[in-house]
Amino acid sequence: MMLSCREASRLISDAMDRKLSRYEQVSLQFHLLLCQNCRHFRQQMATLRAGIREGRQR
């Protein structure tokens, strides 16, 4: 069964704090192949995280 966008966004956030299980990784990748909105959300989260890291280094 395909992940919902809510489940995918939770996994995207979780992946920043922990290693996802193989099942979670595959499920998320499949969802991201089909969902532009979640791909965009993942990019936004990556940009936000990079900005936070940069801010900490100053």
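This structure is a prediction, so every number in the text was calculated from the model and none was measured. (Residues numbered from 1 in each chain as written. Predicted model: local features only at pLDDT ≥ 70, side-chain atom pairs only at ≥ 80, totals over all residues. Heavy atoms only, no water.)

Undergrad: Which parts of the structure should I look at to understand helix H1 (residues 5-14)?
TA: One turn of an α-helix holds 3.6 residues; hence residues three or four places apart share an orientation. Every buried residue of H1 is listed here: Ala8, Leu11 and Ile12. Along the axis of H1, the buried residues cluster in a sector spanning 105°; they form a single face. Elements in contact with the buried residues of H1: helix H2 (22-34) and helix H3 (36-57). (Buried < 20%, exposed > 50% of the residue type's maximum accessible area, 1.4 Å probe, protein only. Helix = DSSP H or I, 4+ residues; strand = E, 2+ residues; numbered from the N terminus. Arc of directions from axis to C-beta. Contact = heavy atoms within 4.5 Å.)

Undergrad: I would appreciate a short explanation of the nonpolar core in the present structure.
TA: Within soluble globular proteins, side chains that are nonpolar tend to cluster in buried spots. Judged by nonpolar contacts, Leu3, Ala8, Leu11, Ile12, Leu20, Leu28, Leu32, Cys35, Cys38 and Met45 together constitute the single largest core of 10 residues. At the level of elements, H1, H2 and H3 are the ones that each hand at least two residues to this core. Sort the elements by how many residues they give to this core and H1 lands first, with three residues. What Met45 contacts, discounting residues up to four positions off in sequence, is Ile12, Ser13 and Met16. (Core = buried A, V, L, I, M, F, W, Y, C linked by side-chain atoms within 4.5 Å.)

Undergrad: I keep staring at the pattern of salt bridges and nothing clicks. Help me out?
TA: Where charged atoms of side chains with opposite charge meet at close range, the side chains can pair. Summed over all chains, the structure comprises three salt bridges. In this structure, Arg18 and Glu24 form a salt bridge, with 3.0 Å as the shortest nitrogen-oxygen distance. Taken together, the shared-partner salt bridges in this structure form one network comprising Arg10, Asp14, Arg18 and Glu24. (Salt bridge = Lys/Arg side-chain N within 4 Å of Asp/Glu carboxyl O.)

Undergrad: Any chance you could explain the UniProt feature "domain: Putative zinc-finger" (unreviewed entry) in the chain here in plain terms?
TA: Look at the UniProt record and you will see "domain: Putative zinc-finger" (unreviewed entry) annotated at residues 5-39. End C-alpha atoms of residues 5-39 are separated by 10 Å, and the span's content is 77% helix alongside 0% strand. (UniProt positions renumbered as here; feature names shortened; annotations may be inferred.)

Undergrad: How should I be thinking about the state of the cysteines in this particular structure?
TA: What makes a disulfide is a covalent bond joining the sulfur atoms belonging to two cysteines. For the structure shown, the criterion picks out zero disulfides. Take Cys5: it sits in no disulfide, and the sulfur closest to it among the cysteines is that of Cys35, at 3.7 Å. Among the cysteines around Cys38, which has no disulfide bond, Cys35 carries the closest sulfur, lying 3.6 Å off. (Disulfide = S-S within 2.5 Å.)

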